[in-house]
Amino acid sequence: MANKDAPRGLTPVKYISGAPYNGAANMYLMTGATGATFIGDFVQLGAAGGIAGLTVNGIDCEGLPTVIPATAGSGGVGVVVGFLPLQSNLETRHRVTSTNRIALVADDPGLLFEIQEVSGGTALASTEVGLNVNFVAGSGSTTTGMSAHELDNASPASTADLDFRIVGLVKRPDNAYGEHAKWLVMISTHQYNTMTGITGA
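The following paragraphs examine the structure supplied in this document. (Residues numbered from 1 in each chain as written. Predicted model: local features only at pLDDT ≥ 70, side-chain atom pairs only at ≥ 80, totals over all residues. Heavy atoms only, no water.)

It is worth spelling out the environment of Ser147 at this point. On the secondary structure map, Ser147 appears in the loop between strand 11 (135-136) and strand 12 (150-151). The exposure class assigned to Ser147 is buried, which follows from its relative accessible area of 2%. On a C-alpha basis, the gap between Ser147 and Thr97 in space is 14 Å, while along the polypeptide they are 50 residues apart. Those residues within four positions of Ser147 in sequence are excluded, and the remaining contacts are Pro7, Arg8, Gly9, Phe38, Ile39, Gly40, Asp41 and Gly140. Polar contacts involving the side chain of Ser147 include one to the side chain of Asp41, which spans 2.6 Å. (Helix = DSSP H or I, 4+ residues; strand = E, 2+ residues; numbered from the N terminus. Buried < 20%, exposed > 50% of the residue type's maximum accessible area, 1.4 Å probe, protein only. Contact = heavy atoms within 4.5 Å. Polar contact = N/O pair within 3.5 Å; in protein donor to acceptor, adjacent residues only side chain to side chain.)

What follows concerns the side chain of Asn153. Following the sequence through the fold, Asn153 ends up in the loop between strand 12 and strand 13 (164-169). On the accessibility criterion, Asn153 (6% relative accessible area) is buried. Looking at Asn153, its side chain comes within polar contact range of the main-chain oxygen of Gly120, at 3.0 Å. Of the polar contacts made by the side chain of Asn153, one reaches the backbone oxygen of Thr122; its length is 3.4 Å. The contact partners of Asn153, leaving out residues within four places of it in the chain, are Glu117, Val118, Gly120, Gly121, Thr122, Ala123 and Leu124.

What follows concerns the environment of Gly46. The topology assignment puts Gly46 in the loop between strand 3 (42-45) and strand 4 (55-56). Residues Gly46 and Pro69, spaced 23 residues apart in sequence, show a C-alpha to C-alpha distance of 9.1 Å. In contact with Gly46, other than residues within four places in its own chain, are Thr66, Val67 and Ile68.

Now for the sheet that holds strand 7 (residues 78-83). Ordered by their spatial adjacency, five strands build an open sheet running 2-8-7-3-6, and the pairing between neighbours is antiparallel. The outermost strands of the open sheet, each flanked by one partner alone, are strand 2 (26-30) and strand 6 (67-69). Between one strand axis and the next, the sheet turns through 55 degrees on average, direction left out of account. As defined by bridge partners, strand 7 adjoins strand 8 (residues 101-106) across four bridges and the pair is classed as antiparallel. What sits directly across from Val79, in strand 8, is Ala106. (Pairing = 2+ DSSP bridges. Axes fitted to C-alpha atoms, helices over the stretch in contact; angles between N-to-C directions.)

Turning our attention to the side chain of Asn134. Among the structural elements, Asn134 can be located in the loop between strand 10 (132-133) and strand 11. Only 3.0 Å separates the side chain of Asn134 from the backbone nitrogen of Asp163, close enough to count as a polar contact. Aside from chain neighbours lying at most four places away, what touches Asn134 is Ala72, Gly73, Leu151, Asp152, Asp161, Leu162 and Asp163.

Here the structure, examined in full by the defined rule, presents two salt bridges. A salt bridge links Glu114 to Arg172; its shortest N-O distance comes to 3.1 Å. With Glu114 in strand 9 (residues 111-116) and Arg172 in the loop between strand 13 and strand 14 (182-187), the pair connects residues that are 58 residues apart, well separated along the chain. For the salt bridge of Asp174 with Arg172, the shortest nitrogen-to-oxygen distance reads 3.2 Å. Among the residues examined, Asp174 registers a relative accessible area of 43% and is labelled partly exposed. You can call Arg172 partly exposed: its relative accessible area is 35%. (Salt bridge = Lys/Arg side-chain N within 4 Å of Asp/Glu carboxyl O.)

Before going further, it helps to spend a moment on the sheet that holds strand 1 (residues 11-15). With antiparallel pairing, the five strands of this open sheet are ordered in space as 1-9-14-13-10. Either end of the sheet is taken by a strand with one partner, and the two such strands are strand 1 and strand 10.

Structure (structure tokens):
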């Protein structure tokens, strides 16, 4: 049976120790002219913290660390798992372009995430487990608020500046090697761990 094509970005699953993900996340400010951001998007640290006197939906953001959408190969600090409510429109589940919003980011360097492999190309195989790969940024849904990031299968390698280490195939009856496979990955270029990346196996 073919794998279902249902990208949802990155979803935290468990820690490298095997402990389940417990929902922990930290608040980060998203501001400026960067693009729309969705739950499941990979993000990187911004250039500065929140400015003095800035409040977002009544929350003091002075000194709050900032994040921006990550680009492939740029490193990152974690994955957006939610946003604080937008009082002006509670149905808006994503961050609209060029607006201020507080994101909840799963930023522990030891987290493992589930992510779907891209359509087409040469599907990742058992020989790629332990190698590093980048992600492909898709267009998230403004209805569900969910990301469309997927795992790039173009050039798996031991290169240290690729975003994610492939830990293994997600073990479920509805998942197998091939197009749209779901993989467990960890951030290779985590900004709280290393800026040079971790060489793949």
